[in-house]
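Breakdown of the fold
Below are the chains, spelled out letter by letter.
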Amino acid sequence: MHLTIDGKYIECREGETILQAARKNCIDIPTLCYHPMLEPEGRCRACLVEANGKIVTSCDTAVQGGMHIITDSEKLRRMRRDAVDLIASSVSPETIKEENELTDAMKKAGLEKPSFKNYKKLAKDNSSNAVWRNNNRCIACGRCVQSCSSVQSVDAITFAGRSNEMQVEGVEGEPLAKTACVSCGQCSLVCPTNAITEASEVKKVEKALKEKGKLKVVQIAPSVRVSLGECLGMEPGRIVTGKIVAALKKAGFDVVFDTNFSADLTIVEESNEFVERVKGGKTPLFTSCCPAWIDFCCQFYPEFIPKISTAKSPQQMMGAMIKTFYAGKRGIRPGKITSVSVMPCTAKKKEARLKQMRASGVQDIDFVLTTRELAMLFKKKGIGLEKMSESEFDDPLGESTGAGAIFGVTGGVMEAALRTAYFLIEGKELEDINLKMTRGTKGLKEFEIEIKGEKFRAAVAHGLANARLLLERIKKGEHFHFVEVRACPGGCIGGGGQPKLTDWGKISARAEAIYAVDSGKGQRKSHENAAVKKAYAEFLGKPGSEKAKGLLHRSYPEKGKAE
Amino acid sequence: MAGKKILLNELGLEQKRKGFVSKEKLKEIASKACVPESEAFSAATFYSFLSLEKRAKHSVLVCNCPSEQLKGSEKILGFLEKRLKVKRGNATKDKKFYLGETSCIGLCDKAPAMLVDGKPHAKVTIEKTKEILGKLK
């Protein structure tokens, strides 16, 4: 199919939008509400073009053979500028003073400041301890509502009212904490004006770093090392592990541990649980590392709660180990340690505050920073990541295998667990530990694996809407032995606390980097982690022991979100 | 699309029956129409003739389309605010009247128009408004 754009003869495919056809041919059309990973809704009208003499939104108008499209004319420029002008006049003055997608659009439209005053102060919603909403910054682009609805099938937020009084609200007008919100933060990942952000803890951490007489310990999650660079001007997928460790030390942390260590620990506990469940005929086993998925399951599918692994997430296993095992080694009380974690995730903030996450007697993890917040902390402290030299994680909770690394990507927990479960059931190691069927960006991956003559069915879902489809099938009687669910598309590399996403390309770059970390490791199976073995020998006993159960496992509510 | 038709139908019926749509009813209607609760909530807040709380015995909604405004809908609204001693968007203290604005009700050719307890009135004047109010108990 052919059409012309600004007189240029262009080939295009059926089903494409005008915007897609133009961008493929390097013709720029400004956009604002459009997000490449979501369905276009044509709300903002910043992308107007003329198609066969008619003014249309290019983001959601499909191409037709023989179309004549004009993307630039005095009239179009005026109309687009007016559209952006009206949007800019409806937000708080601070919103248009900083760099964001709205001010980008204003610059493109040649608009210095809005011509109208249509801003009314609105109440903020800081009820959730994971995600904060500030409608004073909202431009009603609809990305968050669509994320919550189509990507996650949670439907916690929606549009209320109409016309210039329309705004995003919790369902029934409730504050976010009282809705079905699972804290995944996907809304904050796509928000163009920071109207939705993580519940910020940067100031609290800054204050804690100045506190005397406390040991400041920090851990970083598997996916942070491949995404943090993006916030600080590096290319997507750059691995900055050693630099982060050095930078954290410079920022004032005494000890830097690796969440990849506790990911290995999680795998050892969870594979053990899997083997037990297979023996007892109690499959499927659902993974438990993602707190947003757990909130989702507990609210919408409480009948599956007994199927979720009782193993805590790597963050909380590390938290428990720091304030018990490590505190004992150092000879200090758990209350003398400030434990911070850097996560790709907003839901981890809520998880850290759950009543049962106090294995040490005090709250195991004191503060949780997202990847974006850590970048902000480094910027505030004037720490240039690029210039840092490389440092190593501290002992005894710093050693990890490749299996721990792949926790950061969809399918990774499954792959890591199968590497160990295969060994536990079969009695020998897998021939090829690269389990390719767990990898890739497909929303739902299903496969069979033969262990000791028995066939095991496994499924990997990412994005809660995909998880919902899978759970409905299981409800109807389909059987799987092992199921991994991650709330965020792509897994933790696409987490709600990560650098803002513009396309799947960034997720793929981060995934490649994660697999590079895995293949670069000498040891790639969790049960081979020498530090994990040592922790069992010195402290935990054996996998699934009473002590391990007390420190490394958790329980779930019968129905509804955990508190 | 069937779900959405059911949704609006049911919301309208409930509004007529009770004068508002309660939270429980909203949930019930959403599940009947097979849409998420968020969508039912969104719809209920979108239409000015639907309300999520009991407003008042009578509802008076004046259309605020541009064509209505050109024909003097502001004057009517101003008169009603004075007469009922209430600002638009609120109910009178005795909970007898709710005064609000509504988007297009399809009577632009007979502007200004208003909806009183769901009944449309076209080409209203201050005189006519007094008459309509007088008939309400």
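Residues numbered from 1 in each chain as written. Chains lettered and ligands numbered in written order. Predicted model: local features only at pLDDT ≥ 70, side-chain atom pairs only at ≥ 80, totals over all residues. Heavy atoms only, no water.

Residues and elements named next belong to chain A. Taken domain by domain, chain A comprises domain 1 (2-81), domain 2 (124-199) and domain 3 (203-552). Each of domain 1 and domain 2 has a C-alpha centre, and the two are 28 Å apart. Of the roughly 800 Å² buried at the junction of domain 1 and domain 2 (both faces included), carbon and sulfur atoms supply 55%. Remark: the boundary between domain 1 and domain 2 carries zero salt bridges. Taken together, the links from domain 1 to domain 2 amount to five residue pairs in polar contact (both at pLDDT 80 or more). Tallied by class, the residues present in the side of domain 1 that touches domain 2 amount to four nonpolar, one polar and three charged. (Domains from an automatic or database assignment. Buried area = accessible area lost by both parts, 1.4 Å probe. Salt bridge = Lys/Arg side-chain N within 4 Å of Asp/Glu carboxyl O. Polar contact = N/O pair within 3.5 Å; in protein donor to acceptor, adjacent residues only side chain to side chain. Nonpolar A, V, L, I, M, F, W, Y, C, P; charged D, E, K, R; others polar.)

Next up on the list: the domain arrangement of chain B. The assigned domain composition of chain B is domain 1 (2-46) and domain 2 (58-135). The centre of domain 1 of chain B, based on its C-alpha atoms, is set 25 Å off from the matching centre of domain 2 of chain B.

This next bit is on empty space enclosed by the protein. All names here are of chain A. The final tally for this structure, using the stated rule, is five cavities of 30 Å³ or more. Taken as a whole, the largest cavity encloses approximately 280 Å³ of empty space. What lines the largest cavity is a set of 25 residues, and nearest its centre among them are Cys-289, Pro-344, Lys-348, Arg-486 and Cys-492. Of the residues contributing to the lining of the largest cavity, the split by class is 17 nonpolar, six polar and two charged. (1 Å grid on protein atoms, 1.4 Å probe; cavity = no way out; pocket = protein on both sides within 12 Å on 5 of 7 lines; lining within 4 Å. Points joined across faces, edges and corners; volume = space filled by probe spheres on them.)

Below, the discussion takes up helix 16 (residues 464-475) of chain A. Residue and element names in this part refer to chain A. For helix 16, built from 12 residues, the straight-helix expectation of 16 Å at 1.5 Å per residue is met to within 8% by its first-to-last C-alpha distance of 16 Å. Restricting attention to buried positions, one finds in helix 16 the residues Leu-464, Ala-465, Ala-467, Leu-470, Leu-471 and Ile-474. Where helix 16 is buried, its residues meet helix 4 (143-151), strand 13 (285-286), helix 10 (291-300), strand 16 (444-451), strand 17 (454-462) and strand 18 (482-486). At the exit of helix 16 stands Gly-477, carrying a positive phi of roughly 120 degrees. (Helix = DSSP H or I, 4+ residues; strand = E, 2+ residues; numbered from the N terminus. Expected span 1.5 Å × (residues − 1). Buried < 20%, exposed > 50% of the residue type's maximum accessible area, 1.4 Å probe, protein only. Contact = heavy atoms within 4.5 Å.)

For a regular strand, the rule is simple: side chains alternate between the two faces of the sheet. Residue and element names in this part refer to chain A. Sheet analysis places strand 16 next to strand 17, joined by eight bridges and oriented antiparallel. Residue pairing for strand 17: Leu-444 is matched across the bridge by Ala-461. Connecting the antiparallel pair strand 16 and strand 17 is a turn made up of two residues, with Lys-452 showing a positive phi of about 50 degrees. Bridge count between strand 17 and strand 18: five bridges; the pairing is parallel. (Pairing = 2+ DSSP bridges.)

Here we come to the side chain of Ser262(A). All names here are of chain A. Within the fold, Ser-262 resides in helix 9 (residues 259-279). A relative accessible area of 0% places Ser-262 in the buried class. In terms of polar contacts, Ser-262 uses its side chain to reach the backbone carbonyl oxygen of Thr-259, at 3.0 Å. Apart from residues lying up to four places away in sequence, Ser-262 is in contact with Gln-219, Pro-314, Met-317 and Met-318.

Here the focus is the packing of aromatic side chains. Using the criterion set out here, one finds 11 aromatic pairs over all chains in the structure. A ring pair is formed by Phe296(A) and Phe300(A), whose centres lie 5.0 Å apart and whose planes are at 50 degrees; its orientation type is tilted. Of the two residues, Phe296(A) and Phe300(A) are both situated in helix 10; the distance of four residues between them amounts to about one turn of the helix. You can call Phe300(A) partly exposed: its relative accessible area is 28%. Here Phe46(B) and Tyr47(B) contribute two aromatic rings whose centre-to-centre distance is 5.0 Å and whose plane-to-plane angle is 75 degrees, an arrangement assigned as edge-to-face. Every member of this aromatic cluster is reached through a ring pair, and the members are Phe286(A), Trp293(A), Phe296(A), Phe300(A), Tyr301(A) and Phe304(A). (Phe/Tyr/Trp six-rings, centres within 6.5 Å; stacked < 30°, edge-to-face > 60°.)

All names here are of chain A. Residue placement: His-527 occurs in the loop between helix 17 (504-519) and helix 18 (530-540). A relative accessible area of 16% means that His-527 is categorised as buried. Within the local environment of His-527, its side chain forms a polar contact with the side chain of Thr-420, the two groups lying 3.0 Å apart. Ignoring any residue separated from it by four or fewer positions in sequence, one finds His-527 in contact with Val-268, Arg-419, Thr-420, Phe-423, Glu-429 and Lys-533.

Turning our attention to the layout of surface pockets. The computed volume of the largest pocket comes to approximately 1,300 Å³. Lining the largest pocket are 43 residues, and of these Asn194(A), Thr197(A), Arg372(A), Met376(A) and Lys500(A) sit closest to its centre. Of all the elements in the fold, those that place two or more residues in the lining of the largest pocket are helix 3 (101-108), strand 7 (131-134), helix 5 (186-190), strand 10 (196-198), helix 6 (202-210), helix 7 (228-231) and helix 13 (371-380) of chain A. If you tally residues by element for the lining of the largest pocket, the top one is helix 13 of chain A, at six residues. Each of domain 2 (124-199) and domain 3 (203-552) of chain A gives at least three residues to the lining of the largest pocket. Each pocket or cavity is described by its volume, and for the second largest pocket that value is around 1,000 Å³. Surrounding the second largest pocket, 31 residues form its lining, Gly161(A), Glu165(A), Thr45(B), Arg55(B) and Tyr98(B) being those nearest its centre. Considering only residue class, the lining of the second largest pocket consists of nine nonpolar, 12 polar and 10 charged.

Further remarks concern unusual backbone geometry. Most peptide bonds are trans, and most residues other than glycine sit at a negative phi. In this model, Thr283(A) is joined to Pro284(A) through a cis peptide bond whose omega is 5 degrees. Of note, Pro284(A) is situated in the loop between helix 9 and strand 13. Each neighbour pair has its own omega, and for Ala111(B) with Pro112(B) the value is -10 degrees, a cis peptide bond. Structurally, Pro112(B) is set in the loop between strand 3 (97-102) and strand 4 (114-116). For Asp6(A), which is not glycine, the phi dihedral falls at a positive 50 degrees. By the element assignment, Asp6(A) lies in the loop between strand 1 (2-5) and strand 2 (8-11). Judged by relative accessible area, Asp6(A) falls into the partly exposed class, the value being 40%.

The partner chain A presents 13 residues to the 10 residues of chain B that form the contact. The largest share of the area that chain B buries against chain A comes from Ser38(B), Phe41(B) and Phe46(B), three residues that together contribute 47% of it. The interface formed by chain B and chain A contains one salt bridge. One salt bridge in this structure joins Glu174(A) and Lys23(B), with 2.8 Å as the shortest N-O distance. The tally of links from chain B across to chain A stands at seven residue pairs in polar contact (both at pLDDT 80 or more).

A word on the pairing of strand 15 (residues 367-370) of chain A. All names here are of chain A. What you see with strand 15 is no split at all: Phe-367 and Leu-369 on one side and Val-368 and Thr-370 on the other are buried throughout. As paired elements, strand 14 (residues 337-343) and strand 15 share four bridges and run parallel to each other. What sits directly across from Val-342, in strand 15, is Leu-369.

All names here are of chain A. With the rule as written, the count across this model stands at 50 salt bridges over all chains. The salt bridge partner of Arg-225 is Asp-258, with a shortest N-O separation of 2.6 Å. Placement of Arg-225 in the loop between strand 11 (215-220) and helix 7 and of Asp-258 in strand 12 (residues 255-258) is noted, with a sequence separation of 33 residues between them. Both residues of the pair, Arg-225 and Asp-258, belong to the buried class. What emerges from the salt-bridge pattern is a single network uniting Glu-415, Arg-419, Arg-439, Asp-518 and Arg-524.

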